Amino acid sequence: MNMSRSGYRVFSANSSTGCTELANKITERLGVELGRSAVYQESNSETRVEVKESVRGQDIFIIQTIPRDVNTAVMELLVMAYALKTSCAKNIIGVIPYFPYSKQCKMRKRGSIVCKLLASMLAKAGLTHIITMDLHQKEIQGFFNFPIDNLRASPFLIQYIQEEVHHSYAERLRLGLAVMHGEAQHSESDMADGRHSPPLSRTTAGHTGLELPLMMPKEKPPISVVGDVGGRIAIIVDDIIDDVEDFVAAAERLKERGAYKIYIMATHGLLSAEAPRLIEESAIDEVVVTNTVPHEVQKLQCPKIKTVDVSLILAEAIRRIHNGESMSYLFRNITVDD
């Protein structure tokens, strides 16, 4: 496809090799070239963006994957969006497979809802639409005053299970599949979100105000095994895998219960800190994540980490949005709970 006749451009908001890999796969599927731009940090760490071709009257798609330096990636996206806005782009659509700060979407004590702040900043910078994947909380979509398409990675992960796990192990060994459900326990700091306000006791001298009933802390059930996993394949599913201590502990419990193989599947593989080493030394057999976040370095450190490519659905979303086609096809066979 000739870029000058396509009516849209696709840019990468990050120039590093790891971050442009997904952008290159998307543009290859679309049959277009990646837009010419320069994104870099000055000697004083300020972000500078230079758009090196005309974007006037065009639909512009900015692909931004989030590496470990989250704040720099956010600034790159904001500065590029504003540069395109001032260059008279018609529409500016952010393709942000993993939306940063998505875990900070609820009020915690005297903190702030940073995810809402980021949504406002993106709108102010000039974005008119966002394509993302598996938001940490679906309610985050309400933070935006423009359209947001929250795609699903589940079909690609299910396909991996059917092709790599099911046929390789379950059918050959006549084993069933078992899935582990539950919710991770939050730390005390995470729970301090105002549920215990006012304090349970008051020490102010002479205060005779109204005494309210005591608030009982909200309790969440720990992660537990559903069904018999003895001699079976256990699959733990989550949207994000970052710190892996809880996953390692769950794998140990499953192994104690007799699980034959243990898989961790997640859309976004942040895999921070010591995650690769902990996975390699654990009872986990494979960690399967998509390429929404660059993790090539982690894969070199831990061969148990496998990657599923989701560039196909991102490319199709770009094509449909530009052509004004319905997005419902991309959500076929997706249940409400996915």
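Coordinates for the structure precede this section.
All figures in this text were calculated on a predicted structure; none of them were measured in a lab. (Residues numbered from 1 in each chain as written. Predicted model: local features only at pLDDT ≥ 70, side-chain atom pairs only at ≥ 80, totals over all residues. Heavy atoms only, no water.)

Caption draft 1: Molecular detail of the packing of aromatic side chains. Considering all chains together, one arrives at three aromatic pairs under this definition. Judged by centre distance (5.9 Å) and plane angle (85 degrees), the rings of Y8 and F61 are edge-to-face. With Y8 in strand β1 (residues 8-12) and F61 in strand β4 (residues 59-63), the pair connects residues that are 53 residues apart, well separated along the chain. With a relative accessible area of 4%, Y8 lands in the buried category. Consider the rings of F99 and F144, whose centres lie 5.5 Å apart with planes at 80 degrees: the pair is edge-to-face. With F99 in the loop between β5 (91-96) and α4 (114-125) and F144 in the loop between β6 (129-133) and β7 (148-151), this pair connects stretches of sequence that are 45 residues apart. Under the relative-accessibility criterion, F99 is labelled buried at 2%. Through successive ring pairs, a cluster of aromatic residues spans F99, F144 and F146. The ring of Y260 has K261 sitting right over it, with the charged end atom 5.5 Å from the ring centre. (Phe/Tyr/Trp six-rings, centres within 6.5 Å; stacked < 30°, edge-to-face > 60°. Helix = DSSP H or I, 4+ residues; strand = E, 2+ residues; numbered from the N terminus. Buried < 20%, exposed > 50% of the residue type's maximum accessible area, 1.4 Å probe, protein only. Lys NZ or Arg CZ within 6 Å of the ring centre and 35° of its normal.)

Caption draft 2: Local environment of helix α7 (residues 245-256). Its 12 residues give α7 an end-to-end C-alpha distance of 17 Å, which sits within 8% of 16 Å, the value for a rise of 1.5 Å per residue. Residues of α7 that are buried include every one of F247, V248, A250, A251 and L254, and no others. The arc that holds the buried residues of α7, viewed along the axis, is 160 degrees, so those residues lie on one side. A positive backbone phi angle near 95 degrees is found at G258, which sits one or two residues after α7. (Expected span 1.5 Å × (residues − 1). Arc of directions from axis to C-beta.)

Caption draft 3: How the structure looks around the nonpolar core. Core analysis: the biggest nonpolar cluster contains 35 residues, and I131, L151 and L314 have the highest contact counts within it. Here this core takes six residues from helix α10 (residues 311-323), the largest share from any one element. The residues touching I131, leaving out its near neighbours within four places in the chain, are I93, G94, V95, I96, P97, D149, L151, L314, A317, I318 and I321. Listed in part, the 31 residues of the second largest apolar core include M80, A81, A119 and L127. (Core = buried A, V, L, I, M, F, W, Y, C linked by side-chain atoms within 4.5 Å. Contact = heavy atoms within 4.5 Å.)

Keep in mind these numbers describe shape, not what the thing actually does.
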